[in-house]
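Per-entry structural report
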Amino acid sequence: MIAIVDYDAGNIKSVEKALKFLGGEPVVTRETEVLLRADKVIVPGVGAFGGAMEKLHQYGLVDVLHKLVSEETPLLGICLGLQLFFEDSEETEGVGGLSILPGKIVRIPEREGFKIPHMGWNSIEVNPASRLLKGIEDGSYVYFVHSYYLQAARKEDVAARTNYIVDIDAAAERGNVFATQFHPEKSGEVGLNILRNFMNL
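Figured I'd write up the structure that's included with this text. Model, not experiment: these values are computed from the prediction. (Residues numbered from 1 in each chain as written. Predicted model: local features only at pLDDT ≥ 70, side-chain atom pairs only at ≥ 80, totals over all residues. Heavy atoms only, no water.)

**Structural notes on the overall build of the chain**
A tally of helices and strands in the chain yields 6 helices and 13 strands. Its C-alpha atoms give the chain a radius of gyration of 15 Å, within 12% of the compact-globule value 17 Å for 201 residues. Overall, the C-alpha framework of the chain stretches about 50 × 40 × 30 Å when taken along its three principal axes. Expressed as a percentage of its 201 residues, the buried residues of the chain come to 54%. For the chain, the proportion of contacts with a sequence separation of at least 24, taken over those separated by at least 6, is 68%. Carbon and sulfur atoms make up 47% of the accessible area of the chain, which totals about 9100 Å². (Helix = DSSP H or I, 4+ residues; strand = E, 2+ residues; numbered from the N terminus. Rg over C-alpha atoms; globule rule 2.2 N^0.38 Å. Buried < 20%, exposed > 50% of the residue type's maximum accessible area, 1.4 Å probe, protein only. Contact = heavy atoms within 4.5 Å. Areas by Shrake-Rupley, 256 points an atom, 1.4 Å probe, with all protein chains shown as cover.)

**Some points on the packing of aromatic side chains**
Across all of its chains, the model carries 4 aromatic pairs by this definition. Between the aromatic rings of phenylalanine 114 and tyrosine 164, the centroid separation amounts to 5.4 Å while the plane-to-plane angle is 85°, which identifies the pairing as edge-to-face. Of this pair, phenylalanine 114 sits in the loop between strand S6 (103-107) and strand S7 (118-123) while tyrosine 164 sits in strand S11 (residues 158-164); the two residues are 50 residues apart in sequence, bridging distant segments of the chain. Residue tyrosine 164 is classed as buried on the basis of its relative accessible area of 15%. Here the aromatic rings of tryptophan 121 and tyrosine 143 are separated by 5.7 Å at their centres, their planes lie at 70°, and the arrangement is edge-to-face. Linking tryptophan 121 in strand S7 with tyrosine 143 in strand S9 (residues 141-146), this pair joins segments that are 22 residues apart in sequence. One residue, arginine 30, lies across the ring of tyrosine 59, its end atom 3.8 Å from the ring centre. If you follow arginine 107 out to its NZ or CZ, it ends over the ring of tyrosine 148, 5.5 Å from the centre. (Phe/Tyr/Trp six-rings, centres within 6.5 Å; stacked < 30°, edge-to-face > 60°. Lys NZ or Arg CZ within 6 Å of the ring centre and 35° of its normal.)

Rendered as structure tokens:
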């Protein structure tokens, strides 16, 4: 069973739809027992960092997510989900993230001729050691929507990079923890292959 964490964030339905298209039977839940019983867990999300952390605390999900990591359940964060896995974000000063992985979330700097948020298709440079991105060609295009980006503390955790004004850590993985800043559920065949890789871990 693949569980999708319901913490009132946007974009849950499109992830659920993509998993069903791939033959999965996802369960959208915030129930502790269901999440801990799941074979794999996804934390999707569109929204603000501070509000999302508030909801995770409100629903008692912070401890659950840490337990999933310690029990080595494959865990995938998407977009805001990726950002929540790290230590903090410039979007909401003073609010700590889950600190599952070391690193920080910073705002994409302004540059003339570039729009923020970074929205649309962009190519990624793939770390060939990545399990999540296995079989994904270097230079593949995926879909982004974000104004803040990851600066991972450990470069060995970076599964993919992209460039938009600055170099951006676009995906991360370590052990059973995986995360993408881009939206695989909105990234066509490439994105479906990434979700398939996660389902097959």
